[in-house]
Amino acid sequence: MKRTIFFLIISSLLSTSGNILPQSEEIKLSAQSQECIDCHSSVTPGIVGDWKKSLHSESSVASAIRKNLLEKRISVKEISKIENAGTAVGCYECHSLNATSHADNFEHFGYKINVVVSPNDCKTCHPDEVDQYSESKKANANFNLTKNPVYNLLVETLTSTKDFLDGKTIHGGRNDSAIGETCLNCHGTEIKVDGMMTVKNALGDIEVPRLTNWPNQGVGRINPDGSKGSCTSCHPRHSFSIETARKPYTCGQCHLEPDVPAYNIYKESKHGNIYESKEEEMNFKSVPWVIGKDINVPTCSTCHNSLLTNGDGEVIAQRSHNFADRLWVRIFGLVYSHPQTKTGKTFEIKNADGLPLPTTFTGKIATEYLIDAKEQKERLSKMKSVCTSCHSTNWTENQLGKLQKVNEDTDKMVLASTKVLLEGWEKGAADKTNPFDEELELLWQNQWLFYANSIRHATAMMGPDYGAFKNGWFESTKNIEKMKNLVKVLSKK
Amino acid sequence: MKRTIFFLIISSLLSTSGNILPQSEEIKLSAQSQECIDCHSSVTPGIVGDWKKSLHSESSVASAIRKNLLEKRISVKEISKIENAGTAVGCYECHSLNATSHADNFEHFGYKINVVVSPNDCKTCHPDEVDQYSESKKANANFNLTKNPVYNLLVETLTSTKDFLDGKTIHGGRNDSAIGETCLNCHGTEIKVDGMMTVKNALGDIEVPRLTNWPNQGVGRINPDGSKGSCTSCHPRHSFSIETARKPYTCGQCHLEPDVPAYNIYKESKHGNIYESKEEEMNFKSVPWVIGKDINVPTCSTCHNSLLTNGDGEVIAQRSHNFADRLWVRIFGLVYSHPQTKTGKTFEIKNADGLPLPTTFTGKIATEYLIDAKEQKERLSKMKSVCTSCHSTNWTENQLGKLQKVNEDTDKMVLASTKVLLEGWEKGAADKTNPFDEELELLWQNQWLFYANSIRHATAMMGPDYGAFKNGWFESTKNIEKMKNLVKVLSKK
Amino acid sequence: MKRTIFFLIISSLLSTSGNILPQSEEIKLSAQSQECIDCHSSVTPGIVGDWKKSLHSESSVASAIRKNLLEKRISVKEISKIENAGTAVGCYECHSLNATSHADNFEHFGYKINVVVSPNDCKTCHPDEVDQYSESKKANANFNLTKNPVYNLLVETLTSTKDFLDGKTIHGGRNDSAIGETCLNCHGTEIKVDGMMTVKNALGDIEVPRLTNWPNQGVGRINPDGSKGSCTSCHPRHSFSIETARKPYTCGQCHLEPDVPAYNIYKESKHGNIYESKEEEMNFKSVPWVIGKDINVPTCSTCHNSLLTNGDGEVIAQRSHNFADRLWVRIFGLVYSHPQTKTGKTFEIKNADGLPLPTTFTGKIATEYLIDAKEQKERLSKMKSVCTSCHSTNWTENQLGKLQKVNEDTDKMVLASTKVLLEGWEKGAADKTNPFDEELELLWQNQWLFYANSIRHATAMMGPDYGAFKNGWFESTKNIEKMKNLVKVLSKK
């Protein structure tokens, strides 16, 4: 800490560039944004303060595009058509974009303002990132649930209110609010505009659009301009901080136990330990992100999507906002592990049973919709480049090679539980009409959604307790025994 | 980080006031406290070091009362009767107060010293805070458990040791030590003085009071002077740091999963994500606490009790140490959600069944003891003022409006499980004599204490996984099925 | 924060020694290590960067041995036989040691290099630490599992893949990869050398040893030179940071819920709360570690093994790398609580039933293998010295005294569940041939491995929720009822 601070002091005193001392070229605010801030700094001081601390407040599109290729944070090639390209990226510069396509656009003190800034708006300066993202499972996360009848049934079954009458459970039907607060909170809601509403404040009565299914910043949000996704899922407004996106807490909002315990396992891993211990020594703001200089230890984004170089400026990995680009196999098995899907639209899959799932309930893989061995090898190779920045080839190959075996093992454990379920259905211990609503069936969901996922992630990211006692082999083994005994005592045959 | 440090450096070099450079008015230590420190700096170096880094060590009552109203950290109006008002707030200044009311007062090297500094002692300088606190459920947390026969039975049932004999569970009776280590650890024990004991150290034999049910810093602790509460629950001795109290870890000591998962849900929320990412950029020490300047993102205390202003010094929310002041509904349902209680003394409630609970077991609300719609609206309005510092009115109303629906939904889920319990009692699957001791009854407790609470907090504070898979709808649904099957296999009719 | 930074600035500007400004004696790199770094800074920039920020990079053995006794970080007495004692502790200085005993030694660009640096290599400069560690349960952690047939059966049962056929569970046999990813990930694998492999990179084809059961940094790892342990378990390569080892995240890699929830309980304790709030104010790098100056609040290593002094340089506790040195009782009960074992080799124990366990299944203690009351008192006394640095004698004795009662209580709860298990075996609800593989038996494991451990740790380290609802009395009570009902419905007699 002491040493870090010393170097920061010295560098801050000597430096004449960078974002520590005022940049020689002063970036002014546009007249429009200045007008926004005049009111909003007292009405909504939090977001104005947040923006003032952001890089947007001290950058213009024109200054950003002049950076060297590796240092560049925008990917637009031609800025002549961008309004206010020479002023700071302020309120108006983002909230006024593509007004005609925005159902949430409204007249606000003489300006046409959108409530929600969408990926399509961010695309004005960041087209490569938005295009990559659009291909991902994340961008399609709402459709992947809502347009998939199997998952839809699962979602509706779990979130309906229940009543108990004459020894039977009565389901209360689709519960949109509960779905919005659970599954779609991460997957993204479809934001709609339901007329206008009046807000009363010191400035008088102000008419604004009334949004529904809002607030939400799920990764596959359907926006009022029809675009998909929410950049603020990871770059929270109004700081839009690359630092926040690079820290594991961001991913941990959705990728956490019990269903996708990636964040929890990272935290208990050696990587997570060093991260928590040395977080203050690292530099989360520099672009490119230099291994051995900025990065003492990887975070989620280091391995999965950031642009990385070594100290000589050689690129180790290219930036990508399609988060499957360095992933060859899907360990968040549904219901078995399988190669990554060819596209982000998993609802378009048809397996051998005609269901929109990457595998059948007994494990047959929907090959046609999944990437082939060659593509798997290429993606594996990208991940290896990251690992070998710190680890030997032997280390890396052993570590990544473990995934094949743990996937086979957990798939066997899921299959064993499926066999118990099938016997339960056959013997009347549960009714297969809805495969998700009875105790035996819910235990089966535990087997793949919690236990298999945990064991696989524990190996992939080196957090042994999630493989052992915490939703790991212990629970997975116990669950099969529990299901077996349940079938025994409930069987009618 | 770099920028933050740069500004800290510049401001530290230029500043001639504030707590960075030595204050122009030097605060001396009293002769009494100097004598304490002469020995204790080598005998108990930890607490002396802690105090030396505290604001108490560099403030006197006289200097503290001269601050501007919004900057003031003490609320006493008249200090002429306070001993040593001109010297630092040291050991003696706190440990010597109200000696005659302290059963734990003892002669110590010529001074009359209290072991425990109580809220009534802190009240010497902080009367408003102590008065507000005294009205809260926190201050009454010991009584709310121990003077409520229903909760008392629950507590005794869970914490008694068990034996197994002739197929039956034998309960070992009230287990005070276990209760002190579990429920009363947060709720507060009753500290008693059990004579004197001799401590042998380098200074010879020292006679000190022997306290029992100690150590404890539960929020409703009964102190040796008869006062209730423990300021060190949130402002840990001997730094008494406002920074610590404002950080979420403090609340997380007691408000955590599985029963009150507020802290855990905060951590997985967008707010928590930004907090963990930007904690170092925030200023947790300034009074008042300025949104957009000191505060990048809210912590527990931002929304629930801190004094907040905008950058123009306009008050957004007044400080309160009654933590229900901005709460209109109680989502920690016992056993259903309900309006906040009128007073902090929940043990005085009588519901329609004559039990000291805010609702009956089937959900009827004890209206007379709960705040009315008008009071609810006023408290809701206070909370809205905080939210709208960063969010739009539409955003805020939608978000806070969700609570109504999720409370109704979870109350239905609790009622369904209660119906299964009633059927189980009726059919002999469990014996209702003690409603808390058998498997079916313990599963029912899971339904309201873990699952309903989690789902409600998940909506309130935007942590979707606690609403979905982690003690959420998934577990709540499974639990009803589990109870149903248990009744089926255990029924004697 | 502000104040801390101010003092760091001032001290950095004034100081002419310490590790802030360049040391007057410049430490050079050896010619051999320079050659390593010439390639590896671009090939594996992460580990080179890590090392450059380490104390090793700016220290030589000769400079380290000149420190005062309390400040010394090496324990070797005589350095004349150490190669390169005057240059920085670089790559070659560690990876070339004791080459002839290393099965993983290989020819690498003209040097004889070991892949794995083992405790026996670290012993060159740190003999006292390695000797202490060798006596510990940690160093023997692999053998304590693999050479204990009872634990071995447990491990093999849990980690075998399962199939379900004709109503029966079929176990797939020993699963070495799963064991390596779970139990042995913390306990340590046995690393073997399986010939050589070719690595292709910019420098051409490079022949390196192919290690198996690798990567692993478990505490009881068996290394290719036959030594036991892995210093990088706590001092991660290549920073070997004392700061990391002193922070609780390190211990939390293995000592976490549900089986050993020490880290989780620390986090929810008052200690953990203050730590998380004040982490940035503490100094984790200084040796000795001064209470009240460097340490605001204890971490795991403060209480359990660090060298501590007060501000006058008086030693409060001596450093030890045998982590049982300040522990008198073992609360990680197997299967009951018991005095600490005499040696770290628990597999050598024989209890009254002839099993290698410190107690029998019904709680009889294997006295001969456990420390006696006198030794218990001495170790308790060491722990008390740490506590009383901040707490009174009364406080300390009460707090540590609670352990006796909670151990008795939890042992009773385990015994009750054991009695249910025995009845279940007797009535045919489970088959005792393998005591670990059926639902009833797995619930019994929950009772001691999860619930008893949690309740005990919750008292020891003051985290009440793990004693109450989170794997505490609630679950422990429910589990007995669950086991009882399971016996009822599965009994064949």
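Residues numbered from 1 in each chain as written. Chains lettered and ligands numbered in written order. Predicted model: local features only at pLDDT ≥ 70, side-chain atom pairs only at ≥ 80, totals over all residues.

## As for the overall build of chain A
1) Next: When helices and strands are tallied, chain A shows 21 helices and 11 strands.
2) Next: Relative to the 2.2 N^0.38 estimate, which gives 23 Å for 493 residues, the radius of gyration of chain A is 25 Å and therefore close to what a compact globule would have.
3) Next: Counting only C-alpha atoms and orienting by the principal axes, one finds that chain A spans roughly 80 × 60 × 40 Å.
4) Next: Counting only residues that meet the buried cut, chain A has 54% of its 493 residues in that class.
5) Next: Long-range pairs, those at least 24 residues apart, make up 60% of the contacts in chain A between residues at least 6 apart in sequence. (Helix = DSSP H or I, 4+ residues; strand = E, 2+ residues; numbered from the N terminus. Rg over C-alpha atoms; globule rule 2.2 N^0.38 Å. Buried ≥ 20, exposed ≤ 12 C-beta atoms within 10 Å, placed from the backbone. Contact = placed C-beta atoms within 7 Å.)

## With respect to the interface of chain B and chain C
1) Next: Each partner contributes to the interface: chain B provides 55 residues, whereas chain C provides 55 residues.
2) Next: At six residues, helix H3 (residues 45–52) of chain B tops the list of elements feeding residues into the side of chain B that touches chain C.
3) Next: Of the residues assigned to the side of chain B that touches chain C, the class counts are 25 nonpolar, 19 polar and 11 charged. (Nonpolar A, V, L, I, M, F, W, Y, C, P; charged D, E, K, R; others polar.)

## Quick look at the nonpolar core
1) Next: Judged by nonpolar contacts, the single largest core of 186 residues is most densely connected at Leu 440 and Met 483 of chain A, Leu 440 and Met 483 of chain B together with Leu 440 and Met 483 of chain C.
2) Next: Discounting residues that sit within four places of it in the chain, Leu 440 of chain A has contacts with Leu 421, Gly 424, Ala 429, Ala 430, Met 483, Leu 486 and Val 487 of chain A. (Core = buried A, V, L, I, M, F, W, Y, C linked by C-beta atoms within 7 Å.)

## Examining the relation of the copies chain B and chain C
1) Next: Mapping chain B onto chain C calls for a screw motion: a turn of 120° about the axis and a shift of 0.0 Å along it, with 0.0 Å RMSD after fitting. Both copies are brought into coincidence by an operation consistent with a three-fold rotation axis.
2) Next: A different interface surface on each copy is seen, since only 5% of the contact residues of chain B are contact residues in chain C too. (Least-squares fit on C-alpha atoms with pLDDT ≥ 70 in both.)

## A look at the relation of the copies chain C and chain A
1) Next: Taken as rigid bodies, chain C and chain A are interconverted by a rotation of 120° and an axial shift of 0.0 Å, the fit giving an RMSD of 0.0 Å.
2) Next: An overlap of only 5% is found between the interface residues of chain C and their copies at the interface of chain A, pointing to separate contact surfaces.

## A short note on the sheet that holds strand E7 (residues 289–290) of chain C
By definition, the strands of a sheet pair up through backbone hydrogen bonds, in either a parallel or an antiparallel sense.
Residues and elements named next belong to chain C.
1) Next: Strand order in this open sheet of three strands is E7-E8-E9, and the pairing throughout is mixed. Lying at the two open borders of the sheet, with one neighbouring strand each, are E7 and strand E9 (315–317).
2) Next: Across the sheet, helix H17 (residues 373–387) is in contact with strand E8 (308–309) and E9; its angle to E9 comes to roughly 120°. (Pairing = 2+ DSSP bridges. Axes fitted to C-alpha atoms, helices over the stretch in contact; angles between N-to-C directions.)

## What to know about the pairing of strand E1 (residues 105–108) of chain C
Residue and element names in this part refer to chain C.
1) Next: Bridge count between E1 and strand E2 (residues 111–114): four bridges; the pairing is antiparallel. Among the inter-strand pairings, Glu 107 is bridged to a residue of E2, identified as Lys 112.
2) Next: Counting the residues in the hairpin turn of E1 and E2 gives two residues, including Phe 109, whose phi is positive at 50°.

## Details of the interface of chain C and chain A
Reports of interface size often rely on the accessible area that becomes lost once the parts have come together.
1) Next: With 55 residues of chain C in contact, the opposing surface of chain A contributes 55 residues.
2) Next: A breakdown of the residues in the side of chain C that touches chain A according to their chemical character gives 25 nonpolar, 19 polar and 11 charged.

## So, unusual backbone geometry
Residue and element names in this part refer to chain B.
1) Next: The peptide bond linking Arg 237 to His 238 adopts the cis configuration, its omega dihedral lying at 0°.
2) Next: In this structure, His 238 sits in the loop between strand E6 (204–212) and helix H12 (242–246).
3) Next: Following Val 287, the chain continues into Pro 288 via a peptide bond in cis, with omega recorded as 0°.
4) Next: Following the sequence through the fold, Pro 288 ends up in the loop between helix H15 (270–278) and strand E7 (289–290).
5) Next: Positive phi is not limited to glycine here, since Asn 213 has a value of about 55°.

## A closer look at the confidence of the model for chain A
1) Next: For chain A, mean pLDDT is 94; residues scoring 70 or higher make up 95% of the total.
2) Next: This complex was scored by the predictor with a pTM of 0.95 and an ipTM of 0.94. (pLDDT = per-residue confidence, 0-100.)

## Some remarks on helix H7 (residues 127–134) of chain B
Residues and elements named next belong to chain B.
1) Next: For H7, the full list of buried residues reads Glu 129, Val 130 and Tyr 133. Mapping the buried residues of H7 onto a view down its axis gives an arc of 95°, with all of them on the same face.
2) Next: Along its buried surface, H7 packs onto helix H6 (119–122). (Arc of directions from axis to C-beta.)

## Examining the sheet that holds strand E7 (residues 289–290) of chain A
Residues and elements named next belong to chain A.
1) Next: Strand order in this open sheet of three strands is E7-E8-E9, and the pairing throughout is mixed. Looking along the sheet, the strands with just one partner apiece sit at the ends: E7 and strand E9 (315–317).
2) Next: Here strand E8 (residues 308–309) runs beside E9; their pairing, made up of two bridges, is antiparallel. Note on E9: the bridge partner recorded for Thr 309 is Val 315.
3) Next: Lying on the sheet, helix H17 (residues 373–387) is in contact with E8 and E9; it crosses E9 at an angle near 120°.

## Description of the packing of helix H19 (residues 439–461) of chain B against helix H21 (residues 473–490) of chain B
All names here are of chain B.
1) Next: One way to put it is that H19 packs onto H21 with a least axis distance of 9 Å and a crossing angle of 165°. Comparing their axes, H21 and H19 come out roughly antiparallel. In this structure, H19 meets H21 at a crossing whose hand is left-handed. Residues Glu 439, Leu 440, Leu 443, Trp 444, Asn 446, Gln 447, Tyr 451 and Ile 455 of H19 pack against Trp 473, Glu 475, Ser 476, Asn 479, Lys 482, Met 483, Leu 486 and Val 487 of H21.
2) Next: For the contact of H19 with H21, the per-class residue count stands at nine nonpolar, four polar and three charged. (Parallel < 35°, antiparallel > 145°, perpendicular 65-115°, else oblique. Left-handed = near helix turned anticlockwise from the far one by under 90°.)

## Comments concerning the pairing of E6 of chain B
Every other side chain in a regular strand lies on the same face of the sheet, so the side chains alternate between the two faces.
Residues and elements named next belong to chain B.
1) Next: Pairing geometry for strand E5 (residues 192–201) and E6, over eight bridges, is antiparallel. Each bridged residue has a counterpart across the sheet, and for Lys 200 the counterpart in E6 is Asp 205.
2) Next: In this structure, the hairpin formed by E5 and E6 is closed by a connection of two residues.

## Examining helix H9 (residues 149–159) of chain C
1) Next: Of the residues making up H9 of chain C, those classed as buried are Tyr 151, Leu 154, Val 155, Leu 158 and Thr 159 of chain C. For H9 of chain C, the angular spread of buried residues about the axis comes to 110°, placing them on one side.
2) Next: On its buried face, H9 of chain C is in contact with helix H21 (473–490) of chain A together with helix H8 (141–146), helix H10 (176–181) and helix H11 (183–187) of chain C.

## Here's the deal with the environment of Ile 242 of chain B
Residue and element names in this part refer to chain B.
1) Next: Summarising the element assignment, Ile 242 is placed in helix H12.
2) Next: The class for Ile 242 is partly exposed, based on 19 C-beta atoms found within 10 Å.
3) Next: On a C-alpha basis, the gap between Ile 242 and Lys 285 in space is 6.3 Å, while along the polypeptide they are 43 residues apart.

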